[in-house]
Amino acid sequence: MALLLLLLVLTVSAVSADGDAFVGVNIGTELSDMPHPTQVVALLKAQQIRHVRLYNADRGMLLALANTGIKVAVSIPNEQLLGIGQSNSTAANWVSQNVVAHYPTTNITTICVGSEVLTSLPNAARILVNALKFIHSALVASNLDRQIKVSTPLASSIILDSFPPSQAFFNHSWNPVLIPMLNFLQSTGSYFMLNVYPYVDYMKSNGVIPLDYALLKPLPSNKEAVDANTLLHYSNVFDAMVDAAYFAMAYLNFTNIPVMVTETGWPSKGDSNEPDATLDNANTYNSNLIRHVFNNTGTPKHPGISVSTYIYELYNEDMKPGPVSEKNWGLFDSSGVPVYILHVSGSGSTLANDTTNQTFCSAKEGADAKMLQAALDWACGPGKVDCSPLLQGQTCYDPDNIFAHATYAFNTYYHQTGKTPGSCDFNGVATITTTNPSHGSCLYLGSGDKNGTRLNSTIPAMDSRSSDSPAKLVYSNVISASSAYIVIGALGWSALLL
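Remember, predicted model here, so these are calculated numbers, not experimental data. (Residues numbered from 1 in each chain as written. Predicted model: local features only at pLDDT ≥ 70, side-chain atom pairs only at ≥ 80, totals over all residues. Heavy atoms only, no water.)

Got a sec to walk through the overall build of the protein chain? Specific residues and values, please.
Along the backbone of the protein chain there are 14 helices and 17 strands. Per-residue burial over the protein chain gives 54% buried out of 498 residues. Across the protein chain, the fraction of contacts at a sequence separation of at least 24, relative to all contacts at a separation of at least 6, is 72%. Accessible surface for the protein chain amounts to roughly 20,500 Å². Of this, 51% is attributable to carbon and sulfur atoms. (Helix = DSSP H or I, 4+ residues; strand = E, 2+ residues; numbered from the N terminus. Buried < 20%, exposed > 50% of the residue type's maximum accessible area, 1.4 Å probe, protein only. Contact = heavy atoms within 4.5 Å. Areas by Shrake-Rupley, 256 points an atom, 1.4 Å probe, with all protein chains shown as cover.)

Okay, here's the thing in structure tokens:
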């Protein structure tokens, strides 16, 4: 059974800077309809997400996260880096206002100083280590240096010759920054933070990297990549990049700094030249990633030592510049509806909180009306859904449109079949959601006494006088064998859903 994001809360035993490895999420804010901080936290709590990384230290978010127990990584944006890296007092003021003022009510565990500074803001590289040290000194002055780690996320592109991993080394031009940085991380017991994007590596490889290798799919041993120097076998890009970081650090004589992946993920939609940015691939990558961390697999170089990882990202950011894929890395849309349901039941973990009774099947927004009608006809006929509540004058007749009526039928079928895999697809026009579509006296199966976790949980109100035609119901006792819709139902839907 597809499981939602609850497995993000689970931890596994692994060697890392603070004990257990975890999977968390990044929270970007470039949305045209950014939810209020209290709504964001409501979603995190509903999904039992226990680790988050912010790209700033927004006061509203930190206040909303107070008393939740959620572990928070705050960030110093790149535009603030120069001031902090040149002034100990500026760094102390930042820590006072953004950390001390909120801790421990808000469980701040990490400060990320800048983001990919060496590659995105190289002019600030000279003061990056100073910024790290100044922030750490401010934590020491507040007796928080043992509770809060300080590091800086780096792009994986600073690692050259990354395969085989044993040959990896950092771009030598950055050694004057990296060596004192690694000394700092080692002396403070912090992490080497790395952003790992197998999707980007796959796209840039022009077919050299197989898709399954990028998606962390299980591979037979004869398909794995072998490091000729170590004879270690690599079955995915993620592990290869993490081990490349370990080998690159070892090249500079640093062997005990744990790697933390601060960003990784896969886009669910892309431009025409991004054919592998799909819902299925995004689901596959992130589901496999979660299993990989929670199964305590580790990497070939460090087996059994899982890598704490933040998925990029919580929300689709529709205001992001660039190609379509840049706007579609999220696990949820701005309303809190899952973009897809992660398939992680094979991880062997147990749920921290079972919400399997709080999922519903809804018609997809924007789905073709004829496809919806065909699916509705099938559900109310061969699918054996009792669609009488949709008749005029009955409890679920309004709103009288194809979207609402199809949602009722889809959800009923989904629950009648025990929410089995594939029971909420209907040839691609249906989707699982945590939104309770019930409205007024029309109660949908699975409602119980609980609403879904979608923050705006009202079903879209489509006026029956709009351009969308009213829902055309075809019941089993009036279905004509000559109906084109029923031909589709007989030949397509039954084969798909059985």
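Describe the pattern of salt bridges, and please don't skip the residues or the numbers.
Taken as a whole and judged by the stated rule, the model has three salt bridges. Its salt-bridge partner being lysine 320, residue glutamate 30 comes within 3.7 Å of it at the nearest N-O pair. One end of the pair, glutamate 30, is in the loop between strand E3 (23–27) and helix H1 (37–46); the other, lysine 320, is in the loop between strand E15 (309–311) and strand E16 (360–363), with 290 residues separating them in the sequence. Lysine 320 sits in the buried class, given a relative accessible area of 17%. For lysine 217, the salt bridge is made with aspartate 212, and the minimal N-O distance between the two is 3.6 Å. Classification of aspartate 212 as partly exposed rests on a relative accessible area of 33%. (Salt bridge = Lys/Arg side-chain N within 4 Å of Asp/Glu carboxyl O.)

Mind laying out helix H12 (residues 369–380), listing which residues take part and the relevant values?
Taking 1.5 Å per residue, twelve residues should reach 16 Å; H12 reaches 16 Å between its end C-alpha atoms and fits that length. Within H12, nine of the twelve residues are buried, leaving the element largely enclosed by the surrounding structure. Within the span of H12, buried status applies to Leu372, Gln373, Ala374, Ala375, Leu376, Asp377, Trp378, Ala379 and Cys380. One side-chain oxygen at the N-terminal end of H12 lies 3.1 Å from the backbone nitrogen of lysine 370; it belongs to aspartate 368. (Expected span 1.5 Å × (residues − 1). Polar contact = N/O pair within 3.5 Å; in protein donor to acceptor, adjacent residues only side chain to side chain.)

Lay out the state of the cysteines with the relevant residues and their values.
All chains considered together, the criterion is met by three disulfides. Disulfide pairing places cysteine 361 opposite cysteine 424 at an S-S distance of 2.0 Å. As the torsion about the S-S bond is roughly 90°, the cysteine 361-cysteine 424 disulfide counts as right-handed. Separated by 63 residues along the polypeptide, cysteine 361 in strand E16 and cysteine 424 in the loop between helix H13 (402–416) and strand E17 (430–433) bring together distant segments of the chain. Cysteine 424 carries the same exposure label as cysteine 361, and that label is buried. Residue cysteine 396 pairs covalently with cysteine 442 via a disulfide, S to S 1.9 Å. The disulfide joining cysteine 396 to cysteine 442 has a torsion of about 105° about its S-S bond and is therefore right-handed. Within this pair, whereas cysteine 396 is found in the loop between H12 and H13, its partner cysteine 442 is found in the loop between E17 and helix H14 (484–497), the two being separated by 46 residues in sequence. Across this residue pair, the class does not change: cysteine 396 and cysteine 442 are buried. Going through the protein chain in sequence order and numbering each bonded cysteine, the pairs you get are 1-5, 2-3, 4-6. (Disulfide = S-S within 2.5 Å.)

An account of the environment of asparagine 411 is needed here, citing residue identities and associated values.
In this fold, asparagine 411 is placed in helix H13. Overall, asparagine 411 belongs to the buried group, its relative accessible area being 0%. As for asparagine 411 and threonine 431, which are separated by 20 residues in sequence, their C-alpha atoms are 9.7 Å apart. In this view, asparagine 411 contacts Phe360, Cys361, Tyr444 and Leu445; residues no more than four positions away in its chain are not counted. Polar side-chain contacts of asparagine 411 include one of 3.0 Å to the backbone nitrogen of cysteine 361.

Tell me about unusual backbone geometry, and name the residues and values.
In this chain, tyrosine 103 is followed by proline 104 through a cis amide linkage whose omega measures 5°. Structurally, proline 104 can be placed in the loop between helix H4 (88–100) and strand E6 (108–113). In this structure, the amide linkage connecting phenylalanine 163 to the following residue, proline 164, adopts the cis form with an omega of 0°. Along the chain, proline 164 turns up in the loop between strand E9 (159–160) and strand E10 (169–170). Positive phi outside glycine occurs at glutamate 116, with the angle close to 50°. With a relative accessible area of 21%, glutamate 116 lands in the partly exposed category. One non-glycine residue, asparagine 296, lies in the positive phi region at around 60°. Secondary-structure assignment places asparagine 296 in the loop between helix H11 (279–294) and E15.

Can you break down the environment of serine 268 residue by residue, with the values?
Tracing the chain through its elements places serine 268 in the loop between strand E14 (259–264) and H11. Its relative accessible area of 8% is what places serine 268 among the buried residues. Spatially, the C-alpha atoms of serine 268 and threonine 278 are 4.3 Å apart, while their sequence positions differ by ten residues. The contact partners of serine 268, leaving out residues within four places of it in the chain, are Ala277, Thr278, Leu279, Ala282, Asn328, Val339 and Tyr340.

Summarise H13; cite the residues concerned and give the values.
Taking 1.5 Å per residue, 15 residues should reach 21 Å; H13 reaches 21 Å between its end C-alpha atoms and fits that length. The buried count for H13 comes to 14 of 15 residues, which makes it a mostly enclosed element. The opening residue of H13 is asparagine 401, an N-cap whose side-chain oxygen sits 3.2 Å from the backbone nitrogen of phenylalanine 403. Looking at the residues trailing H13, positive phi occurs at glycine 418, about 75°.

Keep in mind that these numbers describe shape and distance, not what the molecule does.
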